[in-house]
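# Architecture and fold: a report
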Amino acid sequence: QVQLVESGGGLVQPGGSLRLSCAASGFSFSWYGMNWYRQVAGKERELVASITSSGTSTNYADSVKGRFTISRDNAKNTVYLEMNSLKPEDTAVYYCKVFRYGTSYWGQGTKVTVSS
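Reading the values: rules and limits
Residue indices follow the written sequence of each chain, beginning from 1 at its first position. In keeping with the predicted nature of the model, local features appear solely for residues at pLDDT of at least 70, side-chain atom pairs appear and are counted solely at 80 or more, and the whole-chain, interface and lining totals rest on all residues. Side-chain metrics rest on all non-hydrogen atoms present in the structure, leaving aside hydrogens and water. Paired strands, as defined in this entry, are two strands with at least two bridges between them according to DSSP. Secondary structure is summarised from DSSP: a helix means a run of H or I of at least four residues, a strand means a run of E of at least two, and numbering begins at the N terminus for each. We call a pair of cysteine sulfur atoms a disulfide when they lie within 2.5 Å. Burial status follows relative accessibility: with a 1.4 Å probe on protein chains alone, a residue under 20% of its type maximum counts as buried, one over 50% as exposed, and anything between as partly exposed. Each nonpolar core is a collection of buried residues, namely Ala, Val, Leu, Ile, Met, Phe, Trp, Tyr and Cys, held together in the definition by side-chain atoms within 4.5 Å. Throughout, a residue-residue contact means that at least one pair of heavy atoms, one from each residue, lies within 4.5 Å.

## Regarding the pairing of strand β5 (residues 46-51)
In this sheet, β5 lies alongside strand β4 (residues 34-39) in antiparallel orientation, the contact comprising five bridges. In the sheet register, W36 faces β5, and the bridge partner there is A49. Between β4 and the antiparallel strand that follows it, β5, lie six residues; G42 among them carries a positive phi value of about 85 degrees. Two elements, β5 and strand β6 (residues 58-60), share three bridges in a ladder whose sense is antiparallel. Note that in β6 the partner of A49 across the bridge is Y60. Hairpin connection between β5 and β6: a loop of six residues separates the two successive antiparallel strands, and G55 in this loop has a positive phi of roughly 85 degrees.

## Digging into the state of the cysteines
For the structure shown, the criterion picks out one disulfide. Covalent S-S linkage joins C22 and C96, the inter-sulfur distance amounting to 1.9 Å. An S-S torsion of about 55 degrees defines the bridge between C22 and C96 as right-handed. Taken together, the residues C22 in strand β3 (residues 18-25) and C96 in strand β9 (residues 92-100) connect sequence positions 74 residues apart. Here C22 and C96 have matching classes, each one buried.

## Re the pairing of strand β7 (residues 68-73)
Here β7 shows a clear split, with F68, I70 and R72 buried on one side and none of T69, S71 and D73 buried on the other. As defined by bridge partners, β7 adjoins strand β8 (residues 78-83) across six bridges and the pair is classed as antiparallel. By the bridge assignment for β8, D73 is matched with T78. Hairpin connection from β7 to β8: four residues lie between these consecutive antiparallel strands, with N77 at a positive phi of about 50 degrees.

## Looking at the nonpolar core
Residues F27, W36, L81, M83 and Y94 are the most contacted members of the largest nonpolar core, which totals 29 residues. Of all elements in the fold, only β3, β4, β5, β7, β8, β9 and β11 (110-114) reach the threshold of two or more residues within this core. Not counting residues within four places of it along the chain, the set of residues in contact with Y94 comprises E6, L20, W36, Y37, R38, V48, F68, L81, M83, G109, T110 and V112.

Keep in mind that these numbers describe shape and distance, not what the molecule does.
Spelled out as structure tokens, the structure:
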């Protein structure tokens with residue numbers, strides 16, 4: 001079965017950095033684009049970054065462009081989100097997602113808190 005496990009969240013000061021990881025299993029990881037979303041309590045889940053199956057193309061939400069970088073290692077079945085210059089408004093639970101055969105699969109999320 002498809003499984004996505006996020007890690008790397010935590011508490012960081014404004015201006016700091018974090019690297020999130022999402023380990024995938026149960027499907028042919030290198031065949032699929034991957035996405036990172038985030039959600040603040042009481043708000044809709046927001047698409048943060050996307051990467052194609054080969055990793056050659058990426059897209060970002062305007063709010064994170066120039067600060068976040070999505071990447072993947074198909075040999076390790078893992079997608080990453082490097083987050084720099086973090087702001088308090090980046091505080092959220094971050095999820096990775098794969099869309100496969102008409103179904104979205106989500107991880108359990110990893111919490112990021114940006115606060116002094």
